[in-house]
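Next come the chains, spelled out residue by residue.
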Amino acid sequence: MSDEEHQFESKADAGASKTYPQQAGTIRKGGYIVIKARPCKVVEVSTSKTGKHGHAKCHFVAIDIFNGKKLEDIVPSSHNCDVPHVNRTDYQLIDISEDGFVSLLTENGNTKDDLKLPTDDSLLSQIKGGFEEGKDLVVSVMSAMGEEQICALKDIGPKN
Amino acid sequence: MAMNTGAADLAQLQATMQAIEVACHAMQMHVNPAAAEATIVSLRESRRPYQACQFIIENSQMANARFQAAGIIRHAALREWGLLEADVRRGLVSFCLCFIMKHATLPDGYVLVKVASLGAQLLKRGWLDFTAAEKEAFFIQVKQAVSGVHGLDVQFVGISFLESLVSEFSPTTSSAMGRPREFHEQCRISLEQDYMKGLYSWVQHAAFNVSNRITEADSEIPEIKVCSAALHLMLQILNWDFQSKKAGENSKRGLDVFCDGKQESNSLRRFECTLVQPGPEWRDVLISSGHVGWLLNFYTALRKKFSCEGYWLDCPLAVSARKLIVQFCTLTGAIFPSDSGHMQRQHLLQLLAGIVQWMEPPDAVSDAIKSGKSESELLDGCRALLSLATVTSPLIFDELLKSLRPYGTLTLLSAVMCEVFKDLMTNHTEEDTWSSEARDILLDTWIVLLMQLDASGHNHSLPAEGISAAADLFAVIVESELKAASESAFNDDDEHDYLQASVTAMDERLSSYALIARAAIGSAIPLLTKLFSERIMRLHQGRGISNPTETLEELYSLLLITGHVLADEGQGETPLVPKEIKSHYANVLEMDKHPVIMLSGSIIKFAEQSLDPVVRTSFFSPRLMEAVVWFLARWSLTYLMPSEESVEHRSSYENCNDALLRSKHPTNALFSFSGENDRGKIVLDIIIRISLSTLVSYPGEKDLQALTCYQLLHGLVKRKSIITHLVTLDSWRDLANAFANERVILSLNAAHQRSLAQTLTVSACGMKTPESSNEYIRSLTSHMTAYLVELSSKNDLKAIAQQPDIILLVSCLLERLRGVARASEPRVQNAIYQMGFSVMNPVLTFLQTYKDESVVVYLLLKFVTDWVEGQIIYLEAQETAAVVEFCMRLLQLYSAHNIGKISVSLSNSLRTADADKYKDLRALLQLLSNLCSKDLVDFASEPIEAYGTNISQVVYTGLHIIAPLITPELLKYPKLCHSYFSLLSHLLEVYPEIIEQLSVEAFSHILGTLDFGLHHQDVEAVDLCLRAVKALASHHYKDRGAGKIGLGSHATSYNDPNGNFHESVLSRLLRSLMQLLLFEDYSTELVSSAADALLPLILCEQSVYQKLASELIERQTNPVFRFRLRNGFQSLTTSNNLSSTLDRINYQRFRKNLHSFIEDVWGFLHIV
């Protein structure tokens, strides 16, 4: 696939299709869901009934994928829920600036400079430490519903 | 050697005592507990702390210090026992005995108990060392105490010493003391043969002597304490696991010729009711002495005193007495002479005469309990009935009461139970009432009786009176269940909410109801039919007028009960028509008059109404539908198109012409309703249409759909006779079409889609020719594989793949393919292979694209694992080569994505990332094991080596790839740990020669995990590691012996260019294993496997071993220990004619040597 196309796609999905409808009963633990207009990862699903002879409903416990807050929702299992489009993109890490922003290399050779270091301590120390040791690092950036954040790191070996 | 503290003067003892007292005080006050503990530990670990401790026990004013001192003696003595002189050993035991006798009035009872149990433990530890005279001397002292000549306090202390002793000698309650099982077994046998009966008669006399004074007294007197202790000890002795019980396990002597022992032990296992089976030598003590009569009279006397101060229904003395009486009900076996059960019957009759007073008349007793009387007497009465039922046959059980009353025991049982159910009906909302406990015990009693009947042959039933008692009882049960159902219809509490849980919880209870119903089948079936049609009528009459919920809940309950009465669960086998139903309706030949057919027919007709959308919305709530589907699943397993084989099998099983004749008819009547004919096909068609409608018309009802997929459809396709008809039905084709084309099926739970795919694939075997079967599979799967291929080749895959709808679709399709793959059978193997082959590339593409979607990754891995598992043994060499190459690329890709990856999202998800990885790795290990199996079972026409495939090579490469991903953290997951080590030990045992080809890093990683595994908590994991080590070392030794290179460079120690020493792997393992064996805590079960690993290691690394041994010897400062250790090492490698070969005999010799070595030196190596 060409780089232009990729660029085009990622711009396009900032607009229309940030979320998709999906039947509540099909959303599983580990999947994504929108609760109170926030993209979340489902950590627990339980089903119950509205009265003994009523219909099933799903009880979701989910974690906001960006700020880690816990959210809950109850939805009849035949109804639709919004599911966020969660995208992950890998970039090579070029630089860490003093104000906590990172400089990343995109696939088409440009740099992306609008992301901050993650807040998670262990990830933060791994990134900083690895960078100082001069390792080649690839970071994964997760984006959904117009927000993005560094969520993972991969060490692809020392710089040659 | 004299005691080394012998010279210690009084001052020193005082000082030690003070130190311990201070420490104990500090611990109680929580002031610097670590230091206090260190003080105690240092005394505990010192050599021979006995004199100091004895001094503390005798002189300290602090109870806690005395308690600790006793604990220290225990620890030190068990550790040093082997080194102590005979008089020291004896002295310790007699110190304990003298102390408790002398201080019997000590206010701090727990110190006495501790010292008594210390005495008991030491006596047991030295049991095989003490001479008979020494033991006799101890026991005389105890006997005098128990007889009461030294007063009540000493008598009580004596009894409690015996209690500790008996529990110490009983295998289930003994402390391990680091001794092998044989030791405990020898002690147990010796105590039982030589002393047990004597002990019993001592306490029997003690109880007898004090009982008179108790019956005469009007208030609480000290004798009560002694008496309840004595009763308690008698109970404990009767609970003893008697030798003769084992011998006579299968004989239920005298009473019952129809009941075989197998049945008995089955029912016992179920209810954990211990039978008391001492041998004939106990007859004089327990039976002829009038002991039971005395006990019953004593209890009767007690009952009269319950109004007095200090006595009440639940006072310890009364409780112990009742327990003992109930225990006597289970007395059986060789203690009774072979007089066709006469003596046992007398014995039971005597007991029953006493026990019925606790339960009669049932209504009055129940009323008294409701107005506040304690229920324990009634409950004990119920337990006694259960005990009686276990030792007698149903007939004799019923007869027993007839000699005392105008009715039989069954009638009493049924009457008590009806009262219990009446109480349950009034307050069923409360949990744990007396009536629910009584219900459970009495249900167990029925089960024991009816299961014996079951095993004793089919033409035996209860006596007529018993049948009508069962019928009455069943009517009350159903009434109470229906009442509970309609009352709870509007409850909305979560715990009863979904069927899966409630069915499982109720299942056991319902099966016992079913047993009772079947005992009175003639009235149970018409009753159920009547109740069912009443409810249906009510439903239709009230349509649109009243809320049907209560009736729906009643129907729900009725369906569950009826399902249990009509059919058995089968538990993996094809259940047969219950024989009560078969024999009772043997003479009903017309189909439309057969009560079972009428009942089944009306339920199926009712279920069919759910197909009408209007009726469905008004009546068929998801919950009712769950019961309908469950019933249909259970019913069809037994009644729908029973295969001819099982009919034949049944007749040969019964092996009786008469029974065959009678069983033919009912089968025929039932057969014409639902056998392999047009009527049967109509029923099958209805069932399939109902299944389809639950899948498409109840969106989001997971539980209902789970029942449909797992119970109903799975059950149907399990049977050959059904699937041949299934594939000809239009409704089945509709189901397959809906599966392929309807979007609504895509929104089923993914696991249900998998199961549906599996079901549809299995049914392909019902087609007439293999070609059509394969064609069917192809048409079922082609649209799915085509979609996946197309998607994976899209240019913008990377962009669209992450859209939620695409992820959902891909996961559903993968689940479906996995379902198909799991249904692999030789007949359709080719089509399934083609299916997997066509998605190989898409799978790799998706693994790349979805590397961050752990859910999809896991599905991909599981699909491949299941597909390989189903296919591998059938593959031809060329296909194998393709599959193996594919698997290697998959492993490499997975590993490339995951090595060195740190994934973090907020809050606790680090843990879930770990769990994801764990699941992935388990799947990969499973994949490797599946590949391994190609080497064991292979149906290919030419050897796979023809295409250059070498399974061992493949699996090693695989292991090489994933080994770095397996970290000690992940090995903490027990299942992963187990599958990893079993794969590893399998590999090393079967293909050790490949090891030398591994790189140093890869091998040292594997070695690291082995070393980790050796120190694992889980015995099984350690055992697997030891097997792996054994395989490694013995391979090396044998190879070297044959002049080959063995493990090659891995097995040589060398200095690298930087001057660092690299130790050979075998000497590293040897060191590690010796360290484990000598200095760490491990289960004694492991010593044998450790020996098997150690022997080849020693043989390979003789010089390292010598060095290690002499280091250990040098480290011992004490000359005695040094001498013993040197001898130990000497005989470890020389005694029993140990040679330097690795054959079975030599391994056995070494095992023996290692056992005695460990026993010899472990104790003193652990002294600090």
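Going by an unreviewed UniProt entry, chain A carries the name Eukaryotic translation initiation factor 5A and comes from Erythranthe guttata. Quoted verbatim from the Sequence similarities (unreviewed entry) field of the UniProt record, the comment on chain A reads "Belongs to the eIF-5A family."

> Could you give an account of the overall build of chain A, with specific residues and numbers?
Across its full length, chain A carries 2 helices and 11 strands. Start at the N end of chain A and walk to the C end: the helices and strands fall as α-β-β-β-β-β-β-β-β-β-α-β-β. A sequence separation of at least 24 residues applies to 49% of the contacts in chain A between residues at least 6 apart.

> Outline helix 51 (residues 1086–1100) of chain B, supporting the account with residue identities and numerical values.
Quick reminder: α-helices carry 3.6 residues per turn. Residues three or four places apart thus point the same way. The terminal C-alpha atoms of helix 51 of chain B lie 22 Å apart, and with 15 residues this matches the ideal 21 Å at 1.5 Å per residue to within 8%. Most of helix 51 of chain B is tucked away: 14 of the 15 residues are buried.

> Could you give me a rundown of the UniProt feature "domain: Translation initiation factor 5A C-terminal" (unreviewed entry) in chain A, with the residues and numbers involved?
Per the UniProt record, "domain: Translation initiation factor 5A C-terminal" (unreviewed entry) is annotated on residues 85–154 of chain A. Span residues 85–154 of chain A is 17% helix and 56% strand, its end C-alpha atoms 23 Å apart.

> Which residues make up the domain arrangement of chain A, and what are the values?
All names here are of chain A. For chain A, the domain assignment lists domain 1 (19–84) and domain 2 (86–155). Measuring from the centre of the C-alpha atoms in domain 1 to the corresponding centre in domain 2 gives 30 Å. In this assembly, 9 residues from domain 1 lie in contact with 9 residues from domain 2. Taken together, both faces of the contact between domain 1 and domain 2 bury some 790 Å²; the carbon and sulfur share is 65%.

> Describe in detail the packing of helix 14 (residues 291–304) of chain B against helix 15 (residues 316–329) of chain B, supporting the description with residues and values.
Residues and elements named next belong to chain B. Direction vectors running N to C along helix 14 and helix 15 enclose 145°, while the axes themselves pass 10 Å from each other. Here helix 14 and helix 15 pass one another in a crossing that is left-handed. Contacts between helix 14 and helix 15 involve His-291, Val-292, Leu-295, Leu-296, Phe-298, Tyr-299 and Leu-302 on the former and, on the latter, Leu-317, Ala-318, Ala-321, Arg-322, Leu-324, Ile-325 and Phe-328. Across the contact of helix 14 with helix 15, the residue classes tally to 12 nonpolar, 1 polar and 1 charged.

> Describe in detail the packing of aromatic side chains, supporting the description with residues and values.
Residues and elements named next belong to chain B. All chains considered together, the criterion is met by 25 aromatic pairs over all chains. Measuring from ring centre to ring centre gives 5.4 Å for Tyr-299 and Trp-358, while their planes differ by 65°; the resulting arrangement is edge-to-face. Here Tyr-299 is found in helix 14, whereas its partner Trp-358 is found in helix 16 (residues 342–359), with 59 residues between them in sequence. Accessibility classification places Tyr-299 together with Trp-358 in one group, the buried group. Grouping aromatic residues by their ring pairs yields a cluster made of Trp-127, Phe-139, Phe-169, Tyr-195 and Trp-202. The aromatic ring of Tyr-556 is capped on one face by Arg-623, whose charged end is 3.8 Å from the ring centroid. Sitting over the ring of Phe-739, Arg-816 keeps its end group 4.1 Å from the ring centre.

> So, a nonpolar patch on the surface: which residues are in play, and what are the values?
Side chains of B:Leu936, B:Val937 and B:Phe939 sit close together on the surface and give an oily, nonpolar patch of about 310 Å² of accessible area. Tracing the backbone through its elements, the reader meets B:Val937 in the loop between helix 45 (909–932) and helix 46 (951–962).

Reading the values: the criteria
- Residues numbered from 1 in each chain as written.
- Chains lettered and ligands numbered in written order.
- Predicted model: local features only at pLDDT ≥ 70, side-chain atom pairs only at ≥ 80, totals over all residues.
- Heavy atoms only, no water.
- UniProt positions renumbered as here; feature names shortened; annotations may be inferred.
- Helix = DSSP H or I, 4+ residues; strand = E, 2+ residues; numbered from the N terminus.
- Contact = heavy atoms within 4.5 Å.
- Expected span 1.5 Å × (residues − 1).
- Buried < 20%, exposed > 50% of the residue type's maximum accessible area, 1.4 Å probe, protein only.
- Domains from an automatic or database assignment.
- Buried area = accessible area lost by both parts, 1.4 Å probe.
- Axes fitted to C-alpha atoms, helices over the stretch in contact; angles between N-to-C directions.
- Left-handed = near helix turned anticlockwise from the far one by under 90°.
- Nonpolar A, V, L, I, M, F, W, Y, C, P; charged D, E, K, R; others polar.
- Phe/Tyr/Trp six-rings, centres within 6.5 Å; stacked < 30°, edge-to-face > 60°.
- Lys NZ or Arg CZ within 6 Å of the ring centre and 35° of its normal.
- Patch = residues over 30% accessible without salt bridge, like charges linked within 9 Å, V, L, I, M, F, W, Y side chains within 5 Å.
- Areas by Shrake-Rupley, 256 points an atom, 1.4 Å probe, with all protein chains shown as cover.
- Salt bridge = Lys/Arg side-chain N within 4 Å of Asp/Glu carboxyl O.

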